[in-house]
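# A look at the structure
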Amino acid sequence: MEEELKCPVCGSLFKEPILLPCSHNVCLACARNITVQTPEGETPVQSRASGSSDYDYLDMDKMSLYSETDSGYGSYTPCQLKSPNGVRVFPPANPHRHCSLTCPLCHRSVSLDERGLRGFPRNRLLEAIVARYQQNRAASASSSSSSSSSSSSSSSSSNAVKCQLCDRNPVEATVMCEQCDVYYCNACQQRCHPSRGPLAKHRLVPPRSQAAGGGAASGGGNAPPATARKPATCVDHETENFSMYCYSCRIPVCMKCLEEGKHAKHDVKTLPMMWKQHKCQLSQALNGVSDKAKDAKEFLVQLKNMLQQIQENGVEFEACLVAQCDSLIEALTRQKAKLLTKVTKEKEYKLKVVRDQITHCTMKLRQTTGMMEYCLEVLKENDPSGFLQISDALIKRVTSSQDQWVKGALEPKVGPEFDLTLNTDSLLQTILMLDFCQGKVESGPAVPAAPLLQLEKCCTRNNSATLAWRVIAPPGSPIEGYILELDDGNGGQYREVYVGKETVCTVDGLHFNSSYNARVKAYNAIGVGPYSKTVVLKTSDVAWFTFDPTTAHRDIVLSNDNQTVSCNSYDDRVVLGTAAFSKGTHYWEVSIDRYDNHPDPAFGVARINTMKDMMLGKDDKAWAMYVDNNRSWFMHNNSHTNRAEGGITKGSTVGVLLDLTKHTLTFYINKEQHGPTAFESLDGVFVPAVSLNRNVQVTLLTGLEVPKNTKQ
């Protein structure tokens, strides 16, 4: 639960937390540090009213945070400080300037009025939970320290904190790790907590004295009784306590707000009634998450048991395989090594899948458990107004957490059994063709023969491959189906891509400029027959593709056979292409059909799971160039680089060159390279991507010749 109680700016426990309009919290002192100055009478471009836009840092180039010559405002500064956890911290605001504050978590901005930070409500409920957590932690630390050094502390009058890891005669501690909550002397710190490796990010601070931090210990281990908190007062009327709840604005209000404020004509309800209602909703949502957490714990036990089963089954299968291979004398020597390798790979694959699933499930369970503990602490509070300030956000978080445990998330991805059978009777005469049979089958002469591939019907188109075959069924045992297998395009392991009764199959979604090995086998009630001969199919070097309507944001509008795209929203939305690239060199262009009000669309590549409701390049799964009518920037993971003069208008073309041989990405405007090579060291699978709003319409042009003479 400790992570729920830490400020996202300073990384420490909250001190005097204030509640932002986006329902996130920051320390009051940290809020002063991240306040941004803006020119007199002007609202910063990225600091629209909270809830009015999600652009956050999209227009930060116009604020000169990344450029020295954009706007010329002297009040903006490119100097940025860094907090311990990596959040940007800006210098304190000039009191003679207008100010705005940007949430470090969701990046939504809000302008400060004449009250400044006093205009944000104090989160007294969170403050009380932090205080209670600190008391419990201090009591636990003091009781542990007193039990280990009770004899020495009774004879000493010093308040110095002792090292908790010294074996005998503990010496005075010199540092304390905030994450481990352990006191160390110099020798123990160098031996047990070195400042390198995974411990390098831990924060070491001077130890708190027993006089300062041991108040709980002096009282026999009992925390001092909590004093009654002052009732929360209205932000607009500081002398009035909260008494009602505005159902329209979903915030507590006072009587003056109802009589003379903006809530006069709103629907209001009593504070105790809404307090009980929201507590009930949060409790009900927690029940669902608690059940999922219980199931997840049982699932982790099942996965850990499966690791042992896979190990045992793998050892047993290897031993059986060795015995069978040894019985085939010298003819089986070379094949035995190959078969053992396949079994080992299968075992390692299953173990890797299960371990990865354990890691993923453990992480989600830890997050869910921490949130549950925090919510339970919130439910213990008796401050209606403080609870209602954060209840909506908590209910949404709990509901969203419950949705993460979708159907299938608590099911093993692989089984412990090894579905491989070695049929020695049918393969003694063809020992050099010995290979595993898929599934456990019985030996016998009635399995289907190897299918014959019809090469005149086998072909490729773009990144799709079509295969056709025929086979003569054995007497009395009709063929029930076929299994088509392809490798990964690099000569790697085969995988099943089709199981069915048809003798013609088209496989889509292959990599461009790749050579695939394909084979097919038939099966009937008796068993699975041998493989056909292998055929090599090479996909197209040049990509032909369209925009993908299945993965596009719901505000995206496609036309012209999915080659033209526009948008219904004023916010940027992302649409991906239907092709995926992992090797080779590919080039495509986007023609600007409509360009109104000087927006800044973005063009580039992305992973298939990139965010679709924000500008391309704002997350770490997209690499893009966004451009307006005058200039452009490269952007990845919300980092803006390489500003270049020259923009786009109606009729312009933007070209994208993805060279996965050199692992680079380059952009063109009107057939001319725009700026240097934008990104390097690209590796993996990429899909074409575009982000735009309702002021832009573009058309995709594919199958183009790759430009030459690229500048670095």
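Let me sum up the structure you'll find in this document. (Residues numbered from 1 in each chain as written. Predicted model: local features only at pLDDT ≥ 70, side-chain atom pairs only at ≥ 80, totals over all residues. Heavy atoms only, no water.)

### Notes on the environment of proline 478
Along the chain, proline 478 falls in the loop between strand E18 (464-470) and strand E19 (479-486). Sequence-wise, proline 478 and isoleucine 526 are 48 residues apart; in three dimensions their C-alpha atoms are separated by 9.6 Å. (Helix = DSSP H or I, 4+ residues; strand = E, 2+ residues; numbered from the N terminus.)

### Looking at the side chain of threonine 368
Its location among the elements puts threonine 368 in helix H9 (residues 333-380). What makes threonine 368 buried here is its relative accessible area of 1%. Polar side-chain contacts of threonine 368 include one of 3.5 Å to the side chain of serine 401. Not counting residues up to four positions away in its chain, the partners in contact with threonine 368 are Val289, Ser401 and Trp405. (Buried < 20%, exposed > 50% of the residue type's maximum accessible area, 1.4 Å probe, protein only. Polar contact = N/O pair within 3.5 Å; in protein donor to acceptor, adjacent residues only side chain to side chain. Contact = heavy atoms within 4.5 Å.)

### Points about the pattern of salt bridges
Under the defined criterion, the tally for this structure stands at 20 salt bridges. Two residues, lysine 621 and aspartate 620, come together in a salt bridge whose shortest N-O distance is 3.4 Å. What makes lysine 621 partly exposed here is its relative accessible area of 28%. Owing to a relative accessible area of 43%, aspartate 620 belongs among the partly exposed residues under this scheme. Across the pair glutamate 705 and lysine 708 runs a salt bridge whose closest N-O atoms are separated by 3.2 Å. Overall, the relative accessible area of 62% leaves lysine 708 in the exposed class. (Salt bridge = Lys/Arg side-chain N within 4 Å of Asp/Glu carboxyl O.)

### Quick word on the nonpolar core
Membership of the largest hydrophobic core comes to 80 residues, with the highest contact counts inside it found for Leu5, Leu282 and Tyr374. Residue contributions to this core peak at 17 residues, all from helix H8 (residues 271-326). Beyond its immediate sequence surroundings of up to four residues, leucine 282 is in contact with Cys375, Leu379, Phe387, Leu394, Ile395 and Val398. Listed in part, the 38 residues of the second largest apolar core include Val627, Ile648, Leu660 and Ala678. (Core = buried A, V, L, I, M, F, W, Y, C linked by side-chain atoms within 4.5 Å.)

### Structural notes on the sheet that holds strand E10 (residues 204-205)
Read across the sheet, three strands follow the order E9-E8-E10 without closing on themselves; strand pairing throughout is antiparallel. Looking at which strands have only one partner, the edges of the open sheet turn out to be strand E9 (182-184) and E10. Direction of pairing for strand E8 (residues 175-177) relative to E9: antiparallel, over a ladder of three bridges. For cysteine 177, the partnering residue across the bridge sits in E9 and is valine 182. (Pairing = 2+ DSSP bridges.)

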